[in-house]
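# Summary of the model geometry
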There are 2 protein chains.
Amino acid sequence: MADGTSAATKRQEGQVPDIVIGRLPLYLRTLILLEKEGKEVTSSQELGKQLGISSAQIRKDLSHFGEFGKQGTGYAVSYLKGQLKEILNLDEVWSVALIGFGDLGHALVHYNRFSERRFNIELIFDADPDKIGHVINGIIIQNAEKIEEIIKAKGIKIAILAVPIEVAQTVTDKLVNAGVRAILNYAPITLKNIPQDVKVQTIDPIAHLQKMTYYLG
Amino acid sequence: MADGTSAATKRQEGQVPDIVIGRLPLYLRTLILLEKEGKEVTSSQELGKQLGISSAQIRKDLSHFGEFGKQGTGYAVSYLKGQLKEILNLDEVWSVALIGFGDLGHALVHYNRFSERRFNIELIFDADPDKIGHVINGIIIQNAEKIEEIIKAKGIKIAILAVPIEVAQTVTDKLVNAGVRAILNYAPITLKNIPQDVKVQTIDPIAHLQKMTYYLG
């Protein structure tokens, strides 16, 4: 960190706006693609063009974390990628608990990109007695009643919530109690009673569609 | 519209910030939940509490479109719901084309909320000869080579893209040529060459997870 403040300190103090943090994974995603295409050097202009974001915005976002390129020479793709991974805490493998094994849960377990990006689904829970005990990708589907106990014992910090809307809040309360600190929520509700040190991201495809139909009038 | 400017005019002129439009579906989602709970009247305070958004923000967002409540008496849930549906063009049934019938496409076809919210998946395309011709929920899986021809003939404006990253841009170009104006993109890339009157929303669960791991340091 060029300015002498560690990323961890900035994190705790919330010094970097949340919206900036949200763009870092997009920069990383683009750098990985550029690297695959054999590019060794890129620029804020090129990243901006790929992402539909202004180059000034990208430079400003990255400046929160240090100096990653030299004026006029751009960014070394591999170096910047490594730095972003470090900032986003992606050097370690993250264990993930999947709650809910319906159609969506099924699709998520088979979505290779989770493990490619080092998010390993290690636990699966469901409330359906017909599903409990089945083995999926080497993982036994566990009884949803044991969510708190097992997640706490394993020390898992990340959960993917793929349960019906009616039980989403109850399950969330259990996840929070079990020590989960990041919830990727697929239930189309805004989860409540979330402590400050727990993060939630909700994915609701209907909301995305409805945002677009506005413009179809 | 209280100020005499139609929603359609505002839409074309882009008068309402995109970020405001993005919050309207969340207000609608919350109003539908409140209505289910039997609430007839709500307030910007209550909506804000449900959504973790300030009541001032909600009032400001809604004020772009008119006056929906009286000072001190709050909003009639059913009325505000109806108004938001009208603003977001949700009074009609939208036909949707699903491109890609892998695990994700399978989960999406079985996701009842699309049809509950009047997004009817009417076409499914895949490139796999083993899938083409199969009937899913009464819909024949069509050959991906016919995307342009069939979508154009049917006049479909909304597509869900659930194809591998390698073909996402090529398929997008075809969708745009076919007259699609809203793309819900599940491929983890930023789509390019999108005309101004075409909207894209990308859902990338990895980006959401990585945004949260930042805070797990």
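Residues numbered from 1 in each chain as written. Chains lettered and ligands numbered in written order. Predicted model: local features only at pLDDT ≥ 70, side-chain atom pairs only at ≥ 80, totals over all residues. Heavy atoms only, no water.

Turning to the domain arrangement of chain A, a few remarks are in order. By domain assignment, chain A separates into domain 1 (7–87) and domain 2 (94–208). Relative placement of domain 1 of chain A and domain 2 of chain A: their C-alpha centres are 29 Å apart. (Domains from an automatic or database assignment.)

This next bit is on the sheet that holds strand β2 (residues 69–70) of chain A. Sheets are built from strands paired through backbone hydrogen bonds, the pairs being either parallel or antiparallel. Spatially, the 3 strands line up as an open sheet ordered β1-β3-β2 (chain A), and their pairing is antiparallel. Each edge of the sheet is formed by a strand with only one pairing partner; in this case those strands are β1 (41–42) and β2 of chain A. (Pairing = 2+ DSSP bridges. Helix = DSSP H or I, 4+ residues; strand = E, 2+ residues; numbered from the N terminus.)

Listed by partner, the interface residues are 62 residues for chain A and 62 residues for chain B. Interface of chain A and chain B: buried area, both sides summed, is about 6,200 Å²; carbon and sulfur atoms make up 66% of it. When residues of chain A are sorted by the area they lose upon contact with chain B, Tyr214(A), Tyr215(A) and Leu216(A) head the list and together hold 13% of the total. At the boundary of chain A with chain B, the tally comes to 6 salt bridges. Here Asp204(B) and Arg29(A) are joined by a salt bridge, their closest N and O atoms 2.9 Å apart. Our enumeration of links across chain A and chain B arrives at 24 residue pairs in polar contact (both at pLDDT 80 or more). Elements that contribute at least two residues to the side of chain A that touches chain B include exactly α1 (7–13), α2 (18–36), α3 (44–51), α6 (103–109), α7 (113–116), β9 (182–185), β10 (199–202) and α10 (205–213) of chain A. Tallying contributions element by element places α10(A) first for the side of chain A that touches chain B, with 9 residues. Taken together, the residues of the side of chain A that touches chain B sort by class into 36 nonpolar, 12 polar and 14 charged. (Contact = heavy atoms within 4.5 Å. Buried area = accessible area lost by both parts, 1.4 Å probe. Salt bridge = Lys/Arg side-chain N within 4 Å of Asp/Glu carboxyl O. Polar contact = N/O pair within 3.5 Å; in protein donor to acceptor, adjacent residues only side chain to side chain. Nonpolar A, V, L, I, M, F, W, Y, C, P; charged D, E, K, R; others polar.)

Residue and element names in this part refer to chain B. Spatially, 3 strands are ordered β1-β3-β2 in an open sheet, and the strand pairing comes out antiparallel. Only two strands of the sheet have a single partner each, and these edge strands are β1 (41–42) and β2 (69–70). Of the pairings in the sheet, the one linking β2 to strand β3 (residues 74–76) comprises 2 bridges and is antiparallel in character. Within β3, the position partnered with Gly69 by the bridge is Tyr75.

Looking now at helix α4 (residues 55–63) of chain B. Residues and elements named next belong to chain B. Along α4, the positions that sit buried rather than exposed are Ile58, Asp61 and Leu62. When α4 is viewed along its axis, its buried side chains cluster within an angular range of 95° and face the same direction. The inward-facing, buried residues of α4 contact α2 (18–36), α3 (44–51), β3 and α5 (77–87). (Buried < 20%, exposed > 50% of the residue type's maximum accessible area, 1.4 Å probe, protein only. Arc of directions from axis to C-beta.)

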